[in-house]
Amino acid sequence: MAFKKLARFEDGGSVHYGDVLGSDESGYLVQKLNGNISSGFEFDTSKPIRVDKLLCPLEKTPLVICIGLNYRKHAEEASLAIPKYPVVFTKPASSLAGSNIAISIHPAAQSMLDFEGELTFVVSQDVKNLSGNFSLGGQFCFAKSFDGFAPIGPYIISPDLVPDPQKLQYVTRVNGVVKQETGTDDMIWNVKDILRHLSQGTTIQAGTVVMTGTPSGIGFFRKEFLKDGDVVEVEFRGLLKLVNTMKFE
């Protein structure tokens, strides 16, 4: 895998994939990449460049697949039994969004707008009927499927930097206040369990985004919902931070 931190950016009026080599308050140092999610990437021979912002790390996705009730403490706060199999629902491709942009909130979603930080992975090649060990290279749906309701980024981390996705720590903040804090070791089904389950009799296409569920501390059980102008951050310690502002229509 040619990249460590896969991003998309604009340079000279064109959009490119790149590997983020470093960042500071002024922007990002990026090495251009040739290729795409399906075919893979290789480094461009040009010199690294500096850019002031990153786009959504995926140009498009065939589907966003979501796992519900996948954290033990979240099941406890909801007073729900742990299901026998993963709870699966989907979001349309139009729900995909990037970091550091405002998410437009339709009036139908404004009264009980919740925050949910999640570990998300992107399928790098078509898979079907996975088994054993492998390398990682309704109303419910409606309420989570508005345009922009699946923000990811600001870049995609290579498995080389995350050899075990079940040993991550992350927090969700609203206006700088921590609302969710968890380790991915609290997940009921780990990343490989999820991908094995989803691929049973079904081809999961390259570029599919899989959101693995939210931990305890969501707004519904706090009786706290997002308002116009609220800033939500999801930070994976030592890796990345996703930031989005709520913008009511």
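Residues numbered from 1 in each chain as written. Predicted model: local features only at pLDDT ≥ 70, side-chain atom pairs only at ≥ 80, totals over all residues. Heavy atoms only, no water.

A.B. asks: Give me the packing of aromatic side chains: which residues, what numbers.
C.D. replies: Scanning the entire structure with this criterion turns up 5 aromatic pairs. Ring centres of Tyr170 and Phe236 lie 4.4 Å apart, and the angle between their planes is 25 degrees; on these two criteria the pair is classed as stacked. Of this pair, Tyr170 sits in strand E13 (residues 169-174) while Phe236 sits in strand E16 (residues 231-236), placing them 66 residues apart in sequence. Residue Tyr170 shares its accessibility class with Phe236, and that shared class is buried. A connected cluster of aromatic rings, assembled from ring pairs, spans Phe3, Tyr17 and Phe41. Sitting above the plane of the Phe220 ring, Lys223 keeps its charged end 4.8 Å from the centroid. (Phe/Tyr/Trp six-rings, centres within 6.5 Å; stacked < 30°, edge-to-face > 60°. Helix = DSSP H or I, 4+ residues; strand = E, 2+ residues; numbered from the N terminus. Buried < 20%, exposed > 50% of the residue type's maximum accessible area, 1.4 Å probe, protein only. Lys NZ or Arg CZ within 6 Å of the ring centre and 35° of its normal.)

A.B. asks: Just give me the short version of the sheet that holds strand E7 (residues 87-91), but keep the residues and values in it.
C.D. replies: Strand order across the open sheet formed by 4 strands is E7-E6-E15-E10, with mixed pairing between neighbours. Edge positions in the sheet fall to E7 and strand E10 (120-122), since each has one partner strand and no second. The sheet shows a mean angle of 25 degrees between the axes of neighbouring strands, taken without regard to direction. (Pairing = 2+ DSSP bridges. Axes fitted to C-alpha atoms, helices over the stretch in contact; angles between N-to-C directions.)

A.B. asks: Describe the sheet that holds E16, naming the residues involved and giving the relevant values.
C.D. replies: Strands sit in the order E9-E17-E16-E13-E14 across an open sheet of 5 strands; the sheet is mixed. A single partner strand is all that each edge strand has here, and the edge strands are strand E9 (101-105) and strand E14 (177-183). If you compare each strand with its neighbour and ignore which way they point, the axes differ by 20 degrees on average. Of the strand pairs in this sheet, E13 and E14 are connected by 6 bridges, and their pairing is antiparallel. From the neighbouring strand, Thr172 faces E14, where its bridge partner is Gln180.

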